[in-house]
Amino acid sequence: MYYKIIFLLLLMVVSIDCNAQVFGKVTNSEQEPLPFVNIYVEGTLNGTTTNDAGTYQLPLSADEEQVIVFKYLGYKTEKRTLTANQNKVELNMVLQEESVQLGGVEVNAKENPANNIIQKAIEKRAGIKEKLATYTANFYSKGLIRIEGAPERILGQDLGDFGGGLDSSRTGIVYLSETVSNISKKDKDFTETIVASKVAGDDNGFSFNAASDVDFSLYDNSFSLGGATQLVSPIAENAFSYYNYKLVGTFYEDGNVLINQIEITPKREQDKTFSGTIYIVENDWSIYAADLQTSGQQAQIIPVDTFFLKQRFNYSPKQKLWLKVLQSLDFKYSILGFKGDGRFTAAYKNYDLEPQLTKSDFTNKILDFEENANKKDSLYWSSLRPVPLTPEEKKDYLRKDSIQVIRKSEQYLDSIDAKGNRFKWSNLFLGYTYSDTFNETYYVVESPIQNLLFNTVQGWHGSLTLDYIKLNEEKGSRFSLGGALNYGQSDKRLRPTFTMSYRFNKFSRPYVRLRAGTEVVQFNGEEPITPLGNTITTIFFENNFAKFYDRTFTEVFHSIELTNGIRGNVLVAYEDRKPLFNTVSSTPFSSDAADFSSNNPLDPTDTNNAGIVDHTLVRMDLGFSIRFGQKYLSYPDEKINIPNERYPTLSLGYENGFLSNNSDNHFHQFKAGLSQAFNIADKGRFAYNFRGGSFLNAENISFVDYQHFNGNESHITLRSYMDSFFLLPYYNFNTNQSYFEGHLEHNFKGWVMNKLPLLRKLNAHLIFSGKLLATEGNTPYSEFGVALGNLGIKKFRFLRVGYAQSYFNGTVERGINIGLSFP
C-alpha cells in the first residue's frame, strides 16, 4: 500500500522536473489584448495562441534554453530566449505595429504584381497538396457558441435558460466544449481518436468538435464549411475567374523571408467565394497566413450571417514546409429571433509527414473515443490545454459544472416540468406534451386542429392521437405506445389505429413496430399529393386528385443495420382491403354540386364501380439498403453514420402477396434502386435516382399492389424532386409488369446565374432536370425541366419555380412547377 503512494509521489516529482510552462499576456502599445497571436518555440511546431483576453500558456522542456516567438499579423515579430528552471514562468509581451510597405515593387496599369504572385502560388498548389496528403498530428479543438437576447418563448413554448448559461438579459454561452485527439490522414482517408473530451455542464458528455469537420485546406480547389456548397479557394486552378487581387504590401519574417500581403475580392458578390487577405511566402509561394470571410448565404448555411476563417502557418525546418498550426472559424448567426456568435478554434502540433500508414490503418470509422475520454480532471486540462480559457469561459465551466447535479435532480426536473406541463391555448394548434423528465417519460397529444382535413370519401375528418414515450438515454432505447381515433363527418365512420414500437439502441438501431387498426389510405402509399394538398385542391379547385381505399390491418415491421452501411428491413402485414366511394358532392363552402371525379383511379368518370373489390391478403416486403463506403462516428453512446458522396446507395427489395381469399391477388415483385448526389467542384451539385422492378405471376392482382409512380397534377411539389415527376398524371402509368424510372438533376448553385448581369442580383440557382418512366408494353414517358431555385427573401430562400415539358406518344404537355427546395 505505502509503496504505491511513494511511487505516485515519485511520478509527480518527475513530472514536475521534466515539464514547465510559460504563460502571460500579449498586448499592443495601447495595452489592448491581442487575440489569436501565434506563439511557438523557434524551430519547432510546439505552439499555442492567445485567447480573446490576450492570455496564453505554452508547455516547455525544463532546463533547456528555448527561443519563444510571438507572431501576429500587422505587428513586428518578437523573440525571447529563456530557460524554464521552474514549473511556471510568466512572460508578458507588448507587440509593436509594423508598417507594411510596397518598397521596390512597381505597380502599373499593365501588370498587376499580385496576379503574378497568385499565379505562382497556383502553380505550386498541387505539389504542396501532395506533400500534405499524408500525415499524423495531435489536434486540439475548442467550440463555443453564444446567444444574445434569447427569446423566452417561441410559438408559445417556453425555451428555458439553455442549460444555465444565460444572464438576466438572456445572453451567454449555450455551448462550450473541448477535445484533444490524435489524427491521421492519407489522401482522402481520415481517422481521429479523441483522448480527452469536455462539455460544460455535462460530465458524461462527449464533444462534437471533430477534426474532420474543420479540415479546411486552401490548397484544395474548393471546400465546404459544413454545408453542401463548395467555396472556391483563392489559389484554386480557376481562381482568376472568381477573384480580383491587390498587393497591399510586403514585410519580412525573421528578417530574410519576404511575405506578400494580398487583398482578395470576389469578381461577383454572389459567387461561392471569400474576401479578405491571404499572405504568400516569396520564392516558396506557400501560404503564410489567411484572414478570410464569407457569408452564410454563399456557404449555403442559412442561420449564419458571416463566417470568418483565420489560418496561421509555421515553417518546419524538418519537413521544409509551412504547416498549418492554428485555425479559427468564427461566425455570427441570426434566425427566427435567435442571434449570437461562436468560434471553433483548432491547434495542430507534432506533425509527422512520413508516417508508416497503410490502407489497413483506415476503416470507415473516422472518429473514435478512448476509454474514459470524458473523465479527465481539471488538472489534466490545465496542463494540456494549448489555448487558455477566457474569464467568460472559466465562469461558464464553473457555473454549469456546479449546477449540473442540481439540474439532474428529480426535484429540479419536476419543477421545470410543472411549469412546462401547464396547458396553454397554443397547445390547441401545436399539440400538448406532458413531461416527466426525471423518469424520461412523456405523454404526447397531437393537435386535433392540425389533423383536420377534407376529402371526398370522408368529408371533413380529424384524428385524436395519444402517445406514451419512454426513453432510456443510457441504453439509447426508446419505447412508444400510442393510438389514434379518426372520424369522418360525411361517411360517419370511426377508425381506430394502434401502434407500439421499440428502438433497442443507437448503434445498429434495431427497431421493431407493431401496428393494427383501420385507416383510409391512398392507393399510392407514398402519397404524391399530401393530405393537406389534397384538402386545398379539393375545396378550392374541385380537384380531388387523391384516391383512397379502406384498409383494416395488422402488421409487424423490423429494421436493423446488419453491418456498417447495410441496413435490412422486413414488413409482414395482414390486410383487409375494401373499396370506398365519394360521400360528398359539394365543397364545404358551397351547396352547388361540385365537379368531383370519382374515387376510382382506373376511371375517374365511373361513379358506380370501384377500383378494387373487397379482398384479404398477407403481404411481405423485404428490403436492403447498401451505402457503399459509408463512414461513421463512433461515440461511446451512439453511432452516427456519414454518407460517402463518392459512392452511390443501392437498394434491393422483394415483395410477395400470398394467402389471399382470391389466389388471383398473389404476386411476386423484385425491385432495385441506385441513387447518388455529389458536388462537381465549383460547378454545382449533380444527383441521380434510378428505380426499377419486375412482377411475376401478377396478371390479375389488385390495383393496390400495382407499382405506382409519384405524379403531379397540382403543379406544386412538396416532396423530393428526385423521386417525383413534374406533370405525370397520378394514376395513368401504374403497372403490374416490368418498369424503370430515372431522375437526373444538376443544380449549378450560382455557377451560371452569377455570371449574368442583372440576373445575378436574384442570387438564384439554375437547375436542369430530366425524368424518364418506362413500363412494359407502353411508350416511354419523359420530362425535361428548367427551374430557378434559391428564391425568396433574405435568408428564407427556399422557393423553386420552374418550367417543365413532358413527352408521351407524340404529345407534348407544358406546365409551371412551384415547390420548396432546401439547401
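The structure contained in this document is the topic of the report that follows. (Residues numbered from 1 in each chain as written. Predicted model: local features only at pLDDT ≥ 70, side-chain atom pairs only at ≥ 80, totals over all residues. Heavy atoms only, no water.)

1. Re the side chain of Glu655
- Looking at the secondary structure, you find Glu655 in strand β36 (residues 649-658).
- Within the local environment of Glu655, its side chain forms a polar contact with the side chain of Arg619, the two groups lying 3.3 Å apart.
- If near-sequence neighbours (up to four positions away) are discounted, Glu655 is found in contact with Arg619, Met620, Asp621, Phe667, His668, Gln669 and Lys671. (Helix = DSSP H or I, 4+ residues; strand = E, 2+ residues; numbered from the N terminus. Polar contact = N/O pair within 3.5 Å; in protein donor to acceptor, adjacent residues only side chain to side chain. Contact = heavy atoms within 4.5 Å.)

2. Quick notes on the side chain of Asn451
- Its place among the elements puts Asn451 in the loop between β25 (441-445) and β26 (453-455).
- A distance of 3.4 Å separates the side chain of Asn451 from the side chain of Glu446, its partner in a polar contact.
- Non-local contacts of Asn451, meaning those with residues more than four positions away in its chain, are made with Glu446, His461, Gly462 and Ser463.

3. A few points about helix α8 (residues 531-541)
- The complete set of buried residues in α8 reads Gly533, Asn534, Thr535, Thr537, Thr538 and Ile539.
- Contacts from the buried residues of α8 go to β26, β27 (459-472) and β31 (548-563). (Buried < 20%, exposed > 50% of the residue type's maximum accessible area, 1.4 Å probe, protein only.)

4. Let's talk about the pairing of strand β9 (residues 134-147)
- Along β9, 11 of the 14 residues are buried, which leaves the element largely enclosed by surrounding structure.
- Sheet analysis places β9 next to strand β12 (residues 172-186), joined by 14 bridges and oriented antiparallel. Bridge pairing links Tyr140 to Val180 in β12.
- Pairing between β9 and strand β22 (residues 338-352): 11 bridges, direction antiparallel. By the bridge assignment, Tyr140 is partnered in β22 with Ala347. (Pairing = 2+ DSSP bridges.)

5. Brief notes about the pattern of salt bridges
- Following the criterion strictly, the structure yields 49 salt bridges and no others.
- Of the charged contacts, one joins Glu519 and Arg551 as a salt bridge, the two residues approaching to 2.7 Å between their closest N and O atoms. With Glu519 in strand β30 (residues 511-522) and Arg551 in strand β31, this residue pair connects regions lying 32 residues apart in the sequence.
- Glu519 gets classed as buried once you look at its relative accessible area, which sits at 17%.
- Each of Arg513, Arg515, Glu519, Arg551, Glu555, Glu575, Arg577, Arg619, Asp621, Glu655, Lys671 and Asp705 takes part in one network of salt bridges that share partners. (Salt bridge = Lys/Arg side-chain N within 4 Å of Asp/Glu carboxyl O.)

6. So, the nonpolar core
- Counting 74 residues, the largest nonpolar core has Ile262, Ile278 and Tyr288 as the members making the most contacts within it.
- A per-element tally of this core places strand β21 (residues 321-335) first, with eight residues.
- With sequence-adjacent residues up to four places away left out, Tyr288 is seen in contact with Lys71, Leu73, Phe251, Glu253, Ile259, Tyr279, Val281, Arg312, Phe313 and Trp322.
- Membership of the second largest hydrophobic core comes to 17 residues, among which are Val37, Val41, Leu60 and Leu82. (Core = buried A, V, L, I, M, F, W, Y, C linked by side-chain atoms within 4.5 Å.)

This is a description of form; function is not addressed.
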